[in-house]
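# Breakdown of the fold
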Amino acid sequence: MKTVEEINQRIKDGDAVVVTAAEMTRLVKENGLKETAKEVDVVTTGTFGAMCSSGAFLNFGHSDPPIKMSRTYLNGVEAYSGIAAVDAYLGATQPNRNPDVGLEHGGAHVIEDLIRGDEMELVAEAYGTDCYPLTEIKTQISLDSVNQAIMVNPRNCYQNYAAATNSTDETLYTYMGTLLPKMGNVSYSSAGELSPLLNDPYFQTIGNGTRIFLCGAEGYVIGEGTQYATDVERKNGVPVSTAGTLMLKGDMKDMDPDYVRGATMPKYGPTLYVGAGIPIPILNEELASRTAISDEEIACQIIDYGIPRRSRPMVMETNYHELKKGVIELDGVEVPTSPLSSQKKAIKIAEELKNWIDQGEFFLTQPIKKLPTKGRTVKPLEIQRPSILVKDLKSEVLILARPTDDISEVARKMVQNSINHLPVVDENNKLLGIVTSWDIANAVAHGKRKLTDVMTKKVIIAREEEPVDVIARRIDKNKISGLPIIDKDNTVKGMVTAEDISRLMGGD
Amino acid sequence: MKAWLNFSPSIVNKTIISDLIKNFDIHFNILRADITPKGGKMLIEMGGNQSEEAIKFLEKEGIQLTPIKKVVKKDEDKCIDCGACMSLCPVKAICPADDWTVDVDDKLCIGCGFCTFSCPTRAIKVTE
Ligand code: SF4
Ligand code: SF4
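Each chain has its residues counted from 1, following the order in which its sequence is written. Numbering of ligands from 1 and lettering of chains from A proceed in the order in which they are written. For this predicted model, a pLDDT threshold of at least 70 governs which residues receive local features, and a threshold of 80 or more governs which side-chain atom pairs are given and counted, while totals over whole chains, interfaces and linings are taken from all residues. Side-chain figures throughout are based on the complete set of non-hydrogen atoms in the structure, without hydrogens or water.

Now for the overall build of chain B. Put simply, DSSP marks the helices as runs of H or I at least four residues long and the strands as runs of E at least two long, and each gets a number from the N terminus on. What chain B contains, in helices and strands, is three helices and eight strands. Reading chain B from its N terminus to its C terminus gives the helix and strand order β-α-β-β-α-β-β-β-β-α-β. For 128 residues, the compact-globule estimate of 2.2 N^0.38 gives 14 Å, and the C-alpha radius of gyration of chain B, at 19 Å, exceeds that figure by more than 25%. Overall size of chain B, expressed as C-alpha extent along the three principal axes, is 55 × 30 × 20 Å. For the radius of gyration, the atom set is restricted to C-alpha positions; the globular benchmark scales as 2.2 Å times the number of residues to the power 0.38.

Structure follows, in structure tokens:
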């Protein structure tokens, strides 16, 4: 029906009709598809979310005498510099090397500071060569002083992304934010109907070379993003979970700090909030109907992050209309939701891009090459050491205590078997608590006689089906030295201690 | 509640605090104290069934009581309206406006600090 050239001519003449993806949804509902497809030339999309897979190429220029930098640090954050002599790539998730700063000010924050125009310290180390004799540099740089500062993000704009909840009894700190115990909240990250790749789900217009809005500057799609997948389940044409991604590029010297932000997911690490907006030319009725998709029509799976495995179980499937209400019903309970990506900024970006086009400052492009639409799946990484499960640990003779046992009796059992932990169980070997040698010493010191007075009742456990690596992390996180192994029925099957695990990990 | 107790020089010798703890069903914690013969201040935290009666007793004994309230404040320049804090607030003090601006109602806030710790841009703070 229309061509990109025709639309660009109308932009030039100031006649193009540009609407945001949210407005498009309403227009098609009100005026029908046929009419709207004829009327509207461009639909603008927007998203402002935490996109870990982001970073920047920097070229610092040559010093006198020159240096071939092999390690570089910007305000304490290491940038990869195994590229030529004075180039580096600063990744968004890189923590600060200063342990006091750590995750609080990492690569993402440095990228934001650069875009803000801040001066910062560059430290470089080198091994020295005949042509690059200098081995050390400490100086100040800024966005103005570097030759290039080019943002290149390997994976942005996920087409859809599962929402997260947590079924365990402890709070989890994840890249999906803080997840409260017992499914206390749900966080989702997609902008839904405003999100770029949900408005062109089959990549009919977005492809290699597409000109876009990136952090307030003109940017480009430079290809498929990493972890790009095509062969996924769809509903109403759009993937129900992760699928397409984009690799994006833009000049940081033109960016606006309003549309980019360094952030830290608590106890997870730095990440970059990237503002991206993509214009979609309405060339035909099909594209009009794709861009008219509403939050209600976009499915989203809620996944349990309490299971730290590659494929986490789905709790339920919902849609963005429900998620954006702020509460959602999970197993009959109302649970609050958090968007995680800024819906407000997503709207602002779509509006800003619309404005650029209205003003005749931004023209649409045809992809130089289309993105793949089939045959792509995300392959897992198989690891050499297959993950050992708790039940594979060879368990020693199981020694248990009863709640009625006398303290001195328990102390003797521990000494005799040279163990430090003793699970306390009922007559069916179901777990009631745990005592450690420290608890016993404490009991003796305070003249306590009954085991139930000194045992810990809230026990951190290991399940038979869990990988040992997960248990190692749990031991570490809770600063404990051992935990009981439990089967499905809460029966104690054995004990696993920090020593068992370090023997196992160091052993092979 | 948390409050500052102001002691005038005339009452520093009286056993007001121990009387208070003996006679009222309250739990009581001294967070800071700076009292000399010239008078002084004490920061306390107090709760329990008879808190109101306890406050009346303190005032009767001549202690000036200044409660402090925790307020939650959002730095609008830092906040990106991501809403990560919304689902963490136990009293629903954080809600989105129609345009998805994330608004905090400090009248509802109980100062638990969940939002503070979980804000990715460290934009929201609880102060006294
Ligand atoms: S989590 Fe922080 S940045 Fe996000 S909306 Fe709340 S205060 Fe703003
Ligand atoms: S401090 Fe607690 S109660 Fe107050 S706004 Fe934050 S989460 Fe809500």
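This next bit is on the side chain of Asn-185 of chain A. As for its placement among the helices and strands, Asn-185 of chain A is situated in the loop between strand E13 (177-179) and strand E14 (186-187). A distance of 3.0 Å separates a polar atom in the side chain of Asn-185 of chain A from a polar atom in the side chain of Ser-87 of chain B. Whenever two N or O atoms come within 3.5 Å, that pair is a polar contact, provided that in protein one can donate a hydrogen and the other can accept it, and provided that, for residues adjacent in sequence, both atoms are side-chain atoms.

Before going further, it helps to spend a moment on the domain arrangement of chain A. Residue and element names in this part refer to chain A. Here the bounds of each domain stem from an automatic or database domain assignment. Here chain A is partitioned into domain 1 (4-52 + 152-369), domain 2 (61-146) and domain 3 (390-506). Taking only C-alpha atoms, the centre of domain 1 and the centre of domain 2 are 32 Å apart. Taken together, the contact between domain 1 and domain 2 spans 19 residues of the former and 18 residues of the latter. Accessible surface is computed with a 1.4 Å probe, and the buried area is the amount of it that two parts give up when combined, taken over both parts together. Together domain 1 and domain 2 conceal approximately 1500 Å² of surface at their shared face, both sides included; 68% is due to carbon and sulfur atoms. Contact with domain 2 buries area across many residues of domain 1, yet Met-252, Lys-253 and Pro-270 alone supply 39% of it, more than any other trio. We define a salt bridge as a contact between a side-chain nitrogen of Lys or Arg and a carboxyl oxygen of Asp or Glu at a distance within 4 Å. Applying the counting rule to domain 1 against domain 2 returns one salt bridge. Note that Glu-112 is salt-bridged to Arg-261, the shortest N-O span being 3.7 Å. At the boundary of domain 1 and domain 2, one finds six residue pairs in polar contact (both at pLDDT 80 or more). Going through the elements one at a time, strand E10 (148-156), strand E20 (260-265) and strand E21 (269-277) are the ones with two or more residues in the side of domain 1 that touches domain 2. A total of five residues in the side of domain 1 that touches domain 2 trace back to one element, the largest contributor, which is E20. Working rule for contacts: check all heavy atoms of both residues, and any pair within 4.5 Å makes them a contact.

Quick look at the nonpolar core now. Residues Phe-60, Leu-74, Met-151, Leu-214, Leu-246 and Met-252 of chain A are the most contacted members of the largest nonpolar core, which totals 97 residues. Considering every element that reaches this core, the biggest residue donor is helix H8 (residues 343-358) of chain A, with six residues. Among the buried residues, those of types Ala, Val, Leu, Ile, Met, Phe, Trp, Tyr and Cys that are joined through side-chain atoms within 4.5 Å form a nonpolar core. Exposed residues in this analysis have more than 50% of their type's maximum accessible area, buried residues have under 20%, and partly exposed residues fall in between, with area computed by a 1.4 Å probe over protein chains only. One finds Ile-17, Phe-24, Ile-26 and Met-46 of chain B within the second-largest nonpolar core, a separate group that totals 19 residues.

Another point: the sheet that holds strand E22 (residues 279-281) of chain A. Residue and element names in this part refer to chain A. For two strands to pair, DSSP has to find at least two bridges joining them. Spatial strand order, E1-E2-E22: three strands in an open sheet with mixed pairing. In this open sheet, the two strands that pair with only one neighbour each are strand E1 (18-20) and E22. Averaged over neighbouring strand pairs, the angle between their axes works out to 25° when direction is ignored. Where strand E2 (residues 42-44) and E22 come together, three bridges link them in antiparallel fashion. By the bridge assignment, Val-43 is partnered in E22 with Ile-280. Only the contacting stretch of a helix is used when fitting its axis, a line to C-alpha atoms as for every element, and angles between N-to-C directions run 0 to 180 degrees. Where H8 meets the sheet, it contacts E1, E2 and E22, and its direction lies at approximately 175° from that of E1.

Only centres within 6.5 Å qualify two rings of Phe, Tyr or Trp (six-membered ring in Trp) as a pair; their planes then separate them into stacked at under 30 degrees, edge-to-face at over 60, and tilted for everything else. Applying the stated criterion across every chain, the model contains 13 aromatic pairs over all chains. Ring plane angle 85° and centroid distance 5.6 Å describe the contact between Tyr-173 of chain A and Phe-117 of chain B, whose orientation is recorded as edge-to-face. Here the residue Tyr-173 of chain A occupies a position in strand E12 (residues 172-174), and Phe-117 of chain B occupies one in helix H3 (residues 114-118), the pair thus bridging two chains. A residue is classified by how much of its surface remains accessible, and Phe-117 of chain B, at 38% relative accessible area, is partly exposed.

Here Ile-44 of chain B is to be found in strand E3 (residues 39-47). Setting aside residues up to four positions removed in sequence, Ile-44 of chain B forms contacts with Met-1, Lys-2, Ala-3, Leu-5, Phe-28, Asn-29, Ile-30 and Leu-31 of chain B.

A word on the sheet that holds strand E4 (residues 64-68) of chain B. Residues and elements named next belong to chain B. Sheet architecture is open: four strands sit in the order E2-E3-E1-E4, paired in antiparallel fashion. Looking at strand neighbours, the two that pair on one side only are strand E2 (27-36) and E4, the edges of this open sheet. Each strand of the sheet is rotated relative to its neighbour by a mean of 20°, with strand direction disregarded. When strand E1 (residues 2-7) meets E3, the two strands line up antiparallel, connected through six bridges. Each residue of the ladder has a partner; that of Trp-4, found in E3, is Leu-43. Packing against the sheet, helix H1 (residues 16-23) makes contact with E1, E2 and E3, and its axis sits at approximately 175° to E2.

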